[in-house]
Amino acid sequence: MSVHPVVPKPGRGAPQPAPGKPPTSRREGHRRLLFLALAVVLVIVGTITLAVVRSAPPTGTVAPTQPAVPAAPVAAAPATLQDSVDNILSEADEYRIGLALADVSGGAERTFGDQDTFTAASTAKILTAAAYYHLVENGQASLDEPMGDYDAAFQLKAMVNDSNNDSWLLLMDAVGYPQLIAYADSIGVTYDPEQNLLTAADMALILKKLYAGELLDGDHTQQLLSYMQDTNNEDLIPAGSRSGVDVHHKYGEVSGELHDAALLSYRGSTFALVIYTENREGVADDGQAQVIRDLTRAVEDALFPVGLASK
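Rules used in this analysis
- Residues numbered from 1 in each chain as written.
- Predicted model: local features only at pLDDT ≥ 70, side-chain atom pairs only at ≥ 80, totals over all residues.
- Heavy atoms only, no water.
- Axes fitted to C-alpha atoms, helices over the stretch in contact; angles between N-to-C directions.
- Helix = DSSP H or I, 4+ residues; strand = E, 2+ residues; numbered from the N terminus.
- Parallel < 35°, antiparallel > 145°, perpendicular 65-115°, else oblique.
- Left-handed = near helix turned anticlockwise from the far one by under 90°.
- Contact = heavy atoms within 4.5 Å.
- Nonpolar A, V, L, I, M, F, W, Y, C, P; charged D, E, K, R; others polar.
- Buried < 20%, exposed > 50% of the residue type's maximum accessible area, 1.4 Å probe, protein only.
- Core = buried A, V, L, I, M, F, W, Y, C linked by side-chain atoms within 4.5 Å.
- Salt bridge = Lys/Arg side-chain N within 4 Å of Asp/Glu carboxyl O.

## Considerations on the packing of helix 3 (residues 125-137) against helix 5 (residues 165-175)
Point 1. One way to put it is that helix 3 packs onto helix 5 with a least axis distance of 10 Å and a crossing angle of 45°. When the axes of helix 3 and helix 5 are compared, the pair comes out oblique. For the crossing formed where helix 3 meets helix 5, the hand is left-handed. In this structure, helix 3 uses Lys125, Thr128, Ala131, Tyr132 and Leu135 to contact helix 5, whose residues at the interface are Asn165, Trp168, Leu171, Met172, Ala174 and Val175.
Point 2. Class assignment for the residues of the contact of helix 3 with helix 5 results in 8 nonpolar, 2 polar and 1 charged.

So, in structure tokens, the structure goes:
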């Protein structure tokens, strides 16, 4: 009797593999998931490592702890007075210009530009006024003395404050031309009233001696200085000066000459500043006035502290 093996019927017993696919177990599935996760982790770690390497500083350097701040630009050194004046003079080379500066407390005068004589115009009225006051102090004249339609005191103020030429002629006649020449010589200035020539340095010396009390007594010095403020022309040195600076001055204008001669006082320091300009064409113009203002500003920037307000 033969024995036949028993073949299970479909649907019973061990599960049948799907057609065309090898059989897999649950353990193999877990192993594949583990390998996939490990690969992902390796990719992430590699990416992070590469980023760190690229951002790291070169070997031997220390990475900054904070972003570098750009260095502030170095400010240019302020121009010297010589440089400032030279620049202005070179830009105004169509004019002949002389500038003198003197510290009333002492020291040598500084001169810039043309140091020859100019027609002094009305700036020389300060010399005439000082000469007349000198006669008064010596008992040779009086402020009450009749002169023209008024007295000498009136003519002095009109000559300086209003720049009246008739008053100037009356006072020069009262002093006398030879005496005026001698008086100028006595204070170190060469002056002929018929030619009316002065250098900027001559005029600066006159102002320096006046303010220092070397020409007149205290009362007459103060009176003359008072006439040199709020004059009939404040468009030159006073207009170029900064607020806070006390200005006493006398301007002058004739033909192509335009001048201003001033005393600048600030916080106990006083300087005589004289600027003489000449237009060779024979007619003064607005450019000369602007040069005088520019030079005034340059001088004050050098002499006095920064921070003075502009007028």
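## Quick notes on the side chain of Thr199
Point 1. Examined against the element boundaries, Thr199 turns out to sit in the loop between strand 6 (197-198) and helix 7 (200-211).
Point 2. Take Thr199: its relative accessible area is 14%, and that puts it in the buried class.
Point 3. With sequence-adjacent residues up to four places away left out, Thr199 is seen in contact with Gln115, Asp116, Thr117 and Tyr276.

## Observations regarding the environment of Asp286
Point 1. With respect to the helices and strands, the residue Asp286 is situated in helix 10 (residues 286-303).
Point 2. Along the sequence, Asp286 and Leu258 sit 28 residues apart, while their C-alpha atoms lie 9.8 Å from each other.

## Regarding the nonpolar core
Point 1. With 51 residues, the main nonpolar core has Tyr132, Leu156, Tyr191, Met203 and Leu207 as its most contacted residues.
Point 2. Tallying contributions element by element places helix 3 first for this core, with 9 residues.

## Notes on the pattern of salt bridges
Point 1. By the definition in use, this model includes 5 salt bridges.
Point 2. In this structure, Glu109 engages Lys208 in a salt bridge whose closest nitrogen and oxygen atoms are separated by 3.6 Å. Of this pair, Glu109 sits in the loop between strand 1 (95-103) and strand 2 (110-113) while Lys208 sits in helix 7, and the two are 99 residues apart along the sequence.
Point 3. Overall, Glu109 belongs to the partly exposed group, its relative accessible area being 31%.
Point 4. The exposure class assigned to Lys208 is buried, which follows from its relative accessible area of 13%.
Point 5. Residues Arg242 and Asp301 are paired through a salt bridge, measuring 2.8 Å at the closest nitrogen-oxygen approach.

## Let's talk about the environment of Leu197
Point 1. With respect to the helices, strands and loops of the structure, Leu197 is situated in strand 6.
Point 2. Along the sequence, Leu197 and Asp116 sit 81 residues apart, while their C-alpha atoms lie 9.5 Å from each other.
Point 3. Look past the residues within four positions of Leu197 in its chain and what remains in contact with it is Thr117, Phe118, Thr119, Ala120, Thr190, Tyr191 and Asp192.

## Topic: unusual backbone geometry
Point 1. The phi dihedral of Asn196 is positive, around 55°, even though this residue is not glycine.
Point 2. Inspection of the secondary structure assignment puts Asn196 in the loop between helix 6 (177-186) and strand 6.
Point 3. You can call Asn196 buried: its relative accessible area is 9%.
Point 4. Even without being a glycine, Asp230 presents a positive backbone phi close to 50°.
Point 5. Along the chain, Asp230 turns up in the loop between helix 8 (218-227) and helix 9 (237-240).
Point 6. With a relative accessible area of 66%, Asp230 lands in the exposed category.

Purely geometric numbers; function is a separate question.
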